[in-house]
Amino acid sequence: ETGVTQTPRHLVMGMTNKKSLKCEQHLGHNAMYWYKQSAKKPLELMFVYSLEERVENNSVPSRFSPECPNSSHLFLHLHTLQPEDSALYLCASSLETDPTPSTDTQYFGPGTRLTVL
Amino acid sequence: ILNVEQSPQSLHVQEGDSTNFTCSFPSSNFYALHWYRWETAKSPEALFVMTLNGDEKKKGRISATLNTKEGYSYLYIKGSQPEDSATYLCAFPSSMDSNYQLIWGAGTKLIIKP
């Protein structure tokens, strides 16, 4: 039990659909992350939120829209996706120690396996 | 462009044997190196965060060493067991880009043969 949950675990959607991925952490952490993992490629950071403010946006297409309503919840809204967006989407959280949060351990959820038809 | 390399890409090891694999990273502006273990259908799980040159960390049968001057870390597993089968990832903070970004290796997939 990592304390980070993600729903749904699997999602199949058409290119015209709108769907949302949800992440929840019960660890009292301040930072939350969205990662994408495509087949045989390293984890790619998409977005980072710190205390509900977006602090990283790694040139992600606008068809992916994150939302962080509070420090425990993170959403990824999906709209007009392409088949190449099919991947495993992982959420993570970290305590966020100042001044180098990149040394913090990240705690991951189990991921959402997304298939875009 | 910062890059993290892991080798080998995959590894088959007989149960009971010991093994090791490598993570290579840029040796300049070192902050920390992370090791994670990712079992199939589960969440990636942190093993170690290493920050000091010469550091050695241990967790049960798994240990890791760090050489920041030459830019590599070894992960060792002693007496491999089937439950050690997983993909082992290393990650290196990208201080040039942000305070949050980790550059991840592609992983070493370890398969333990009974």
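Further up the page is the structure itself.
Residues numbered from 1 in each chain as written. Chains lettered and ligands numbered in written order. Predicted model: local features only at pLDDT ≥ 70, side-chain atom pairs only at ≥ 80, totals over all residues. Heavy atoms only, no water.

### Regarding the overall build of chain A
Selection rule: Put simply, DSSP marks the helices as runs of H or I at least four residues long and the strands as runs of E at least two long, and each gets a number from the N terminus on. Computation of the radius of gyration draws on C-alpha atoms alone. For the globule rule, the value is 2.2 Å times the number of residues to the power 0.38. Only protein chains enter the calculation, and the probe is 1.4 Å; a residue is then buried if its accessible area is under 20% of its type maximum, exposed if over 50%, and partly exposed in between. Two residues qualify as a contact provided that any one of their heavy atoms is within 4.5 Å of a heavy atom in the partner residue. The protein chains shown are the only cover counted for residues, whose accessible areas, like all others here, come from Shrake-Rupley with a 1.4 Å probe. The charge count treats Lys and Arg as positive and Asp and Glu as negative. His and the chain ends do not count. Each charge is placed at NZ for Lys, CZ for Arg, CG for Asp and CD for Glu.
Within chain A one finds zero helices and 11 strands. Counting from the amino terminus, helix and strand elements in chain A follow one another as β-β-β-β-β-β-β-β-β-β-β. Its C-alpha radius of gyration of 14 Å places chain A within 12% of the 13 Å reference for a compact globule of 117 residues. When each of the 117 residues of chain A is scored for burial, the buried share is 48%. Looking at chain A alone, contacts between residues at least 24 apart form 55% of all its contacts between residues at least 6 apart. Taken as a whole, chain A presents about 5500 Å² of accessible surface, with 50% of it coming from carbon and sulfur. Averaged over its 10 positive side-chain charges, chain A has a centre that lies 14 Å from the centre of its 12 negative ones.

### Here we look at the sheet that holds strand 3 (residues 19-24) of chain B
Residue and element names in this part refer to chain B. For the record, the criterion: At least two DSSP bridges between two strands are needed for those strands to be called paired. In this analysis, axes come from line fits to C-alpha atoms, helices being fitted only over the stretch in contact, and the angle between any two N-to-C directions falls in the range 0 to 180 degrees.
If you walk across this open sheet you meet the five strands as 1-3-8-7-6, and the pairing is antiparallel. Where the open sheet ends on each side, the last strands, each with one partner, are strand 1 (5-7) and strand 6 (56-59). Strand-to-strand twist in this sheet, taken as the mean axis angle between neighbours without regard to direction, amounts to 15°. Here strand 6 runs beside strand 7 (residues 62-67); their pairing, made up of four bridges, is antiparallel. Note that in strand 7 the partner of K58 across the bridge is S63.

### With respect to the packing of aromatic side chains
Keep this limit in mind: Aromatic pairing here means that ring centres of Phe, Tyr or Trp (its six-membered ring) are within 6.5 Å. Orientation follows from the plane angle: under 30 degrees is stacked, over 60 is edge-to-face, and everything else is tilted.
Tallied over the entire structure, the rule returns 14 aromatic pairs over all chains. Both rings, one in B:F21 and one in B:Y88, keep their centres 5.3 Å apart while their planes meet at 50°; by these two values the pair is tilted. Of this pair, B:F21 sits in strand 3 while B:Y88 sits in strand 9 (residues 86-93), and the two are 67 residues apart along the sequence. Taken together, a centroid distance of 5.1 Å and an interplanar angle of 50° make the contact between B:Y36 and B:W104 tilted. Note that B:Y36 is positioned in strand 4 (residues 33-38) and B:W104 in strand 10 (residues 102-104), a separation of 68 residues in sequence. The pair formed by B:Y36 and B:W104 is uniform in burial state, with each residue classed as buried. Through pairs of rings, three or more aromatic residues link up here, namely A:Y33, A:Y35, A:F108, B:Y36 and B:W104.

### Considerations on the pattern of salt bridges
Pairing between side chains of opposite charge can happen when their charged atoms approach one another. All names here are of chain A. Let me state the cut-off plainly: Salt bridges, as used here, are contacts in which a Lys or Arg side-chain nitrogen is within 4 Å of a carboxyl oxygen on Asp or Glu.
Tallying each qualifying case throughout the model produces five salt bridges over all chains. One salt bridge in this structure joins E44 and K41, with 3.9 Å as the shortest N-O distance. Taking relative accessible area as the criterion, E44 reaches 33% and is therefore assigned partly exposed. For K41, a relative accessible area of 42% puts it in the partly exposed group.

### Points about the interface of chain A and chain B
Selection rule: Summed over both partners, the accessible area lost on bringing two parts together, with a 1.4 Å probe, is the buried area. Under the rule applied, a polar contact is a pair of N or O atoms within 3.5 Å (in protein, one hydrogen donor and one hydrogen acceptor; residues adjacent in sequence only if both atoms are side-chain atoms).
Counting residues at the interface gives 28 residues for chain A and 20 residues for chain B. Summed over both partners, the interface of chain A with chain B comes to about 1900 Å²; 62% of that surface belongs to carbon and sulfur atoms. At the junction of chain A and chain B, the tally comes to zero salt bridges. Counting across the chain A and chain B interface gives four residue pairs in polar contact (both at pLDDT 80 or more). Elements that contribute at least two residues to the side of chain A that touches chain B include exactly strand 4 (31-37), strand 5 (44-50), strand 6 (53-57) and strand 9 (87-94) of chain A.

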